[in-house]
Amino acid sequence: KMRFYLLFFTLFNWIPEKRVFFSFAQDEVLCARPQTDEQVEALQDLLNTTEVILWQPVVVENIKKDRDVHFYVRESSINSTKAQLRQLTIQHKVLVEDVRGLIEDQTTNDTFSPRSSSSYYEHYHSMKEIYHWMEEAVKVHSDLLQKIYIGSSYEKRPLYILKAIHVRERDRTMTRLLEHFDFYVMPVVNVDGYVYTWSHPSNRLWRKSRSSHGNSKCIGTDMNRNFDARWCGEGASPYECHQIYCGPYPESEPEVKAVARFIRDHKDIIKAYITMHSYSQLVLFPYSYTMDKSKDHDELESLAKKAATAIKRTTMKTYKLGAGAQTIYLAPGGSDDWAYDLGIKYSFTIELRDTGTYGFLLPPHEIKPTCLEALSAVKEIAQHVLENL
Ligand code: ARG
Ligand code: ZN
């Protein structure tokens, strides 16, 4: 039996998406919903002029009427921000009150539970711990796991992909899938950014890479704007200080280059690409760089529907679906669009939990069910690929 059809998926930035500049005592995450074009504009102005950090959408330009806007407000600005929202009669509420407590819950207990215990998967772990875990995992399961070095990060940390190969599994679908596919999993792409998010509580929500180009005063490129797919078009920013900075040129980030090279080198055997993001419970497919439909739109849409149904069956959670640009916003330079245009038809971005209750600060007890539902989506996609080889 030939076994050279592959699936590839990565965990892109599963927690860190936003940057926090300051220390916090009673910082809060607010939710506002503008209901007229005037309110949209007023909210954009307000968010531009206060020291808030947008969680959703990623930039003020993408704020739309009748859509919830989530943003992080530091303690010192909370009262004035709320007063202004009230004055503008923009509907709003507090989403997350205890930001400090949530961050503490996430970044303690790192090495508390043993790697072999199931509660290990109910905690977040530091990069150091994840490196150890990868090493242990391939040692203990040398018959089914390989660790592949694909390059190093800007700060010279190694980048690894785990390859899962066929083995007798308890789960029948999984056995069948692994009979036909090898799975490549990259647990952390943005290793430098991830390390940074653990270095201080106020850095916990960093999104970008940690590179510096030229003599910019700001650090970091948005890796999901750095792929060579209509690079730096509308929906990305050429300014180093912006959250969605596209970098000085495509694949300027060593991490992006390493991932792109690995996929390019294996493009004929890779049959699907899935990238995991946070947050908003979405199954997205190309395109994100244009409002136009891709030529496989109908098939991808029906497959995304099947994936969302599988999730519902697993945990009762609702994931919406659609083409990226139409569903959320224009976002060029993304890995999914790039992989798709390279010829990997089944290319998806899954935005994991939740829809804003905790947003980027998802509590540890939700890790496991989130993984279970994501896995059911992956299986559904793999199943479909298998039936359509
Ligand atoms: N959270 C993601 C981001 O802004 C959504 C990206 C969707 N765009 C895409 N190219 N898939 O990075
Ligand atoms: Zn994302």
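Residues numbered from 1 in each chain as written. Chains lettered and ligands numbered in written order. Predicted model: local features only at pLDDT ≥ 70, side-chain atom pairs only at ≥ 80, totals over all residues. Heavy atoms only, no water.

**So, the overall build of the chain**
Argument step 1. Scanning the chain from N- to C-terminus turns up eleven helices and twelve strands.
Argument step 2. Relative to its length of 389 residues, the chain is compact, with a C-alpha radius of gyration of 20 Å against a globular reference of 21 Å.
Argument step 3. Along the longest, intermediate and shortest principal axes, the C-alpha atoms of the chain span 70 × 50 × 45 Å.
Argument step 4. In the chain, buried positions account for 57% of the 389 residues.
Argument step 5. Sequence separation of at least 24 residues holds for 72% of the intrachain contacts in the chain that already meet a minimum separation of 6.
Argument step 6. Here the chain displays about 17,300 Å² of accessible surface, and carbon together with sulfur accounts for 49% of that area. (Helix = DSSP H or I, 4+ residues; strand = E, 2+ residues; numbered from the N terminus. Rg over C-alpha atoms; globule rule 2.2 N^0.38 Å. Buried < 20%, exposed > 50% of the residue type's maximum accessible area, 1.4 Å probe, protein only. Contact = heavy atoms within 4.5 Å. Areas by Shrake-Rupley, 256 points an atom, 1.4 Å probe, with all protein chains shown as cover.)

**Quick word on the packing of aromatic side chains**
Argument step 1. Enumeration over the complete set of coordinates arrives at 14 aromatic pairs.
Argument step 2. Aromatic pair Y149 and Y160: ring centres 6.1 Å apart, planes at 65°, arrangement edge-to-face. You can see Y149 sitting in strand β6 (residues 145–152) and its partner Y160 sitting in strand β7 (residues 158–164), a full eleven residues away along the chain.
Argument step 3. Ring centres 5.2 Å apart and planes at 75° place the aromatic pair Y196 and W206 in the edge-to-face group. Of this pair, Y196 sits in helix α6 (residues 191–199) while W206 sits in the loop between α6 and α7 (254–265), and the two are ten residues apart along the sequence. (Phe/Tyr/Trp six-rings, centres within 6.5 Å; stacked < 30°, edge-to-face > 60°.)

**Digging into the environment of H384**
Argument step 1. For H384, the position within the fold is in helix α11 (residues 367–387).
Argument step 2. Residues H384 and E75 lie 309 residues apart in sequence; the distance between their C-alpha atoms is 49 Å.
Argument step 3. Setting aside residues up to four positions removed in sequence, H384 forms contacts with E299, L303, K306 and Y346.

**Digging into the site of ligand 1**
Argument step 1. Neighbouring ligand 1 are 13 residues, the closest being R207, R225, Y329, D336 and E351.
Argument step 2. One nitrogen or oxygen atom from the side chain of R207 is found 3.0 Å from an oxygen atom belonging to ligand 1.
Argument step 3. Burial of ligand 1 by the protein amounts to 98% of the accessible area it has alone, namely 340 Å².
Argument step 4. Residues belonging to the shell around ligand 1 are distributed by class as follows: three nonpolar, five polar and five charged. (Near = heavy atom within 4 Å. Polar contact = N/O pair within 3.5 Å; in protein donor to acceptor, adjacent residues only side chain to side chain. Nonpolar A, V, L, I, M, F, W, Y, C, P; charged D, E, K, R; others polar.)

**A few points about helix α8 (residues 297–315)**
Argument step 1. Under the 1.5 Å per step criterion, the end-to-end length of α8 is 27 Å for 19 residues, consistent within 8% with the ideal 27 Å.
Argument step 2. Two residues or fewer past α8, M316 is found with a positive phi of approximately 70°. (Expected span 1.5 Å × (residues − 1).)

**Things to note about the state of the cysteines**
Argument step 1. Following the criterion strictly, the structure yields two disulfides and no others.
Argument step 2. In this model, C218 is linked to C241 through a disulfide, with the two sulfur atoms separated by 2.0 Å. Looking down the S-S bond of the C218 and C241 bridge, the torsion is 95°, so its handedness is right-handed. Pair noted here: C218 is in the loop between α6 and α7 and C241 is in the loop between α6 and α7, with a separation of 23 residues, a long-range link. (Disulfide = S-S within 2.5 Å.)

**A look at the sheet that holds strand β4 (residues 69–73)**
Argument step 1. Pairing in this open sheet of four strands is antiparallel, and the strands run β3-β4-β2-β5 from one edge to the other. Looking at the sheet topology across the chains shown, the edges are occupied by β3 (52–56) and β5 (91–96). Adjacent strand axes in the sheet meet at a mean angle of 30°, parallel and antiparallel pairs treated alike. (Pairing = 2+ DSSP bridges. Axes fitted to C-alpha atoms, helices over the stretch in contact; angles between N-to-C directions.)

**Re the pattern of salt bridges**
Argument step 1. This model, assessed by the stated rule, comprises 18 salt bridges.
Argument step 2. The partner of R74 in a salt bridge is E51, and the shortest N-O contact between them spans 2.8 Å. Here R74 is found in the loop between β4 and α2 (75–87), whereas its partner E51 is found in the loop between α1 (37–49) and β3, with 23 residues between them in sequence.
Argument step 3. Of the charged contacts, one joins D171 and K379 as a salt bridge, the two residues approaching to 2.6 Å between their closest N and O atoms. With a gap of 208 residues between them, D171 in the loop between β7 and α5 (172–180) and K379 in helix α11 connect regions that are remote in the sequence. (Salt bridge = Lys/Arg side-chain N within 4 Å of Asp/Glu carboxyl O.)

**Things to note about the pairing of β4**
Argument step 1. Most of β4 is tucked away: five of the five residues are buried.
Argument step 2. Side chains V69, F71 and V73 of β4 all project onto a buried face; the interleaved residues H70 and Y72 project onto the opposite face, where all are buried too.
Argument step 3. Relative to β4, strand β2 (residues 28–33) is paired through five bridges, and the arrangement is antiparallel. Residue pairing in the sheet places L30 in a bridge with F71 of β4.

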